[in-house]
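Chain residues, written in single-letter form:
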Amino acid sequence: MKILTVEGKTREEALKKALEELGASEHEVRVKVVEEGEDRVVLEVGIKAEEVKLIKEVIEGFIKSMGTTGGVEVIEREGVYYANIVTGEMDSILIGKAGKNLEAVQHLLARMIHKRNPKIDVVIDIAGYREKRERFLRAKARAFAEEVKRTGIEYIFEPLPPSFRRVIHLELAGKEGVRTYTIGEGDLKKVVIAPKRRR
Amino acid sequence: MKELIEHIAKALVDNPDQVEVREIAGERTVVYELKVGPGDIGKIIGKEGKTAKALRTIITAASMKSGKRAVLEILEP
């Protein structure tokens, strides 16, 4: 498996270099921006087909070792892979309460994939749960941010695993009039939307 | 279950040949003893115990299907 790190004055120049060396076309590669300066761009470029194959191998092995059947679909988005697992009977068990088990599956599969190739980043989903939940949490965050701004009263989310808390923090990061922070410990960590203090 | 633990452990360590899982079955509980090669224990434990915790979570979840409680013991090499 070949993953290149290339440097150029512009993104186009760096990418062209990588494509020539890999003998691939633009739609066949994954591009990750490592560094982007005014006159220097560093990219990491890998061949999608090879990386997807590795991800599938690891995940299919995991499904099989659980003694169940199922499959995985892998797509690439902005340099990161998104792998959606669908099993015959284990989906709800693997998601767990409030996505707790999904976090464990995410951690283990990411470690197993990193062991084979440390440059491959993958987000694990099960039966589309993560995607649906993230979309819902983003909408909820936006709606309650307006509410907090209007009333000046904090809103506290239910306890959520780290990756879901991050979605809320990121969604409201640039938002006027509100700030977010976390309270609680361990599995009981909650995101709070609070009004921004006027100075 | 034994296969699942073995599979995950082997994928995480530097020396997969030295991964051993022993199953000790009780009436309601099954204990799985996981042994890895010297130097590989850190790969199983992970930063702040995160990997071991994730492994235990998955094992508990997967054991719901069998109806017996599964317990993972990670043995020091």
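Described in the following lines is the structure provided in the data block. Worth saying up front: this structure is predicted, and the values here are computed from it rather than measured.

1. Some points on the sheet that holds strand β8 (residues 178-183) of chain A
Residue and element names in this part refer to chain A. Read across the open sheet, the 3 strands follow the order β7-β9-β8; overall the sheet is antiparallel. The strands lining the two open edges of the sheet, one partner per strand, are β7 (155-156) and β8. Judged from the 2 bridges that link them, β7 and strand β9 (residues 190-195) form a sheet pairing that is antiparallel. Note on β9: the bridge partner recorded for Ile-156 is Val-192. Contacts between helix α5 (residues 129-151) and the sheet are confined to β7, β8 and β9, with β9 contributing the most and set at about 40° to the helix. Strand contacts of helix α6 (residues 162-172): β8 and β9, with the helix running at about 160° to β8, the strand carrying the most contacts.

2. What about helix α3 (residues 50-63) of chain B?
If you check α3 of chain B, its first and last C-alpha atoms are 20 Å apart, about what 14 residues at 1.5 Å a residue would give, namely 20 Å. Most of α3 of chain B sits out of view: 10 of its 14 residues are buried. On the buried face of α3 of chain B, the contacting elements are α3 (91-95) and α4 (100-116) of chain A together with α1 (2-12), β2 (29-35), α2 (41-45) and β3 (69-75) of chain B.

3. Observations concerning the interface of chain A and chain B
Put simply, an interface is often sized by how much accessible area is lost when its parts join up. Contacts between chain A and chain B engage 18 residues on the former and 20 residues on the latter. Across the chain A to chain B interface the summed buried area is about 1,700 Å²; carbon plus sulfur atoms make up 70%. Of all residues in chain A, Ser-65, Leu-108 and Lys-115 of chain A bury the most surface against chain B, accounting for 33% of the area lost on that side. Inspection of the chain A/chain B interface yields 2 salt bridges. Its salt-bridge partner being Lys-115 of chain A, residue Asp-14 of chain B comes within 2.2 Å of it at the nearest N-O pair. Taken together, the links from chain A to chain B amount to 4 residue pairs in polar contact (both at pLDDT 80 or more). Here the element with the most residues in the side of chain A that touches chain B is α4 of chain A; it accounts for 8 residues. A per-class count over the side of chain A that touches chain B returns 9 nonpolar, 5 polar and 4 charged.

4. A closer look at unusual backbone geometry
Residues and elements named next belong to chain A. One non-glycine residue, Glu-78, adopts positive backbone phi at about 45°. Secondary-structure assignment places Glu-78 in the loop between β4 (70-77) and β5 (80-87). Residue Glu-78 is classed as exposed on the basis of its relative accessible area, which comes to 82%. Positive phi values are uncommon outside glycine, yet Ala-127 reaches one of about 50°. Note that Ala-127 resides in the loop between β6 (122-126) and α5. Residue class for Ala-127 comes out partly exposed when judged on its relative accessible area of 32%.

5. As for the side chain of Glu-51 of chain A
Inspection of the secondary structure puts Glu-51 of chain A in helix α2 (residues 48-65). Non-local contacts of Glu-51 of chain A, meaning those with residues more than four positions away in its chain, are made with Met-1, Ile-3, Arg-30, Gly-46, Tyr-81 and Ile-120 of chain A.

6. Looking at the sheet that holds β2 of chain B
Residue and element names in this part refer to chain B. What the 3 strands build is an open sheet, ordered β1-β2-β3; its pairing is mixed. Every other strand in the sheet has two partners, leaving β1 (20-25) and β3 as the edge strands with one partner each. Between one strand axis and the next, the sheet turns through 20° on average, direction left out of account. Here β1 runs beside β2; their pairing, made up of 6 bridges, is antiparallel. Bridge pairing in β2 links Glu-23 to Tyr-32. Where α3 meets the sheet, its contacts fall on β2 and β3, and the angle it forms with β3 comes to roughly 155°.

How each quantity is defined
- Residue positions are given per chain, counting from 1 as you read along its sequence in written order.
- Key to labels: chains lettered from A, ligands numbered from 1, both in the order written.
- Reporting in this predicted model follows two pLDDT cut-offs: at least 70 for local features of residues, and 80 or more for side-chain atom pairs to be given and counted; totals over whole chains, interfaces and linings ignore these cut-offs and use all residues.
- To get the side-chain values, take all heavy atoms of the structure and skip hydrogens and water.
- Paired strands, in this sense, are two strands between which DSSP finds at least two bridges.
- Put simply, DSSP marks the helices as runs of H or I at least four residues long and the strands as runs of E at least two long, and each gets a number from the N terminus on.
- When checking whether two residues touch, look at their non-hydrogen atoms; a contact exists if any pair is within 4.5 Å.
- Fitted lines through C-alpha atoms serve as axes, helices being fitted only where they are in contact, and the angles separating the N-to-C directions of these axes extend from 0 to 180 degrees.
- A helix is expected to reach a length of 1.5 Å times the quantity of its residues less one.
- Think of it in three bands: residues with accessible area under 20% of the maximum for their type are buried, residues over 50% are exposed, and the middle band is partly exposed, with areas taken using a 1.4 Å probe on protein chains only.
- Once two parts are joined, some of their accessible surface, as seen by a 1.4 Å probe, is lost; buried area is that loss totalled over both.
- By definition, a salt bridge exists where a carboxyl oxygen of Asp or Glu is found within 4 Å of a side-chain nitrogen of Lys or Arg.
- N or O atoms within 3.5 Å of each other form a polar contact, as long as, within protein, one can give a hydrogen and the other can take it, and as long as residues adjacent in sequence are counted only when both atoms are side-chain atoms.
- In this classification, Asp, Glu, Lys and Arg are treated as charged, Ala, Val, Leu, Ile, Met, Phe, Trp, Tyr, Cys and Pro as nonpolar, and every other residue, Gly included, as polar.

This is a description of form; function is not addressed.
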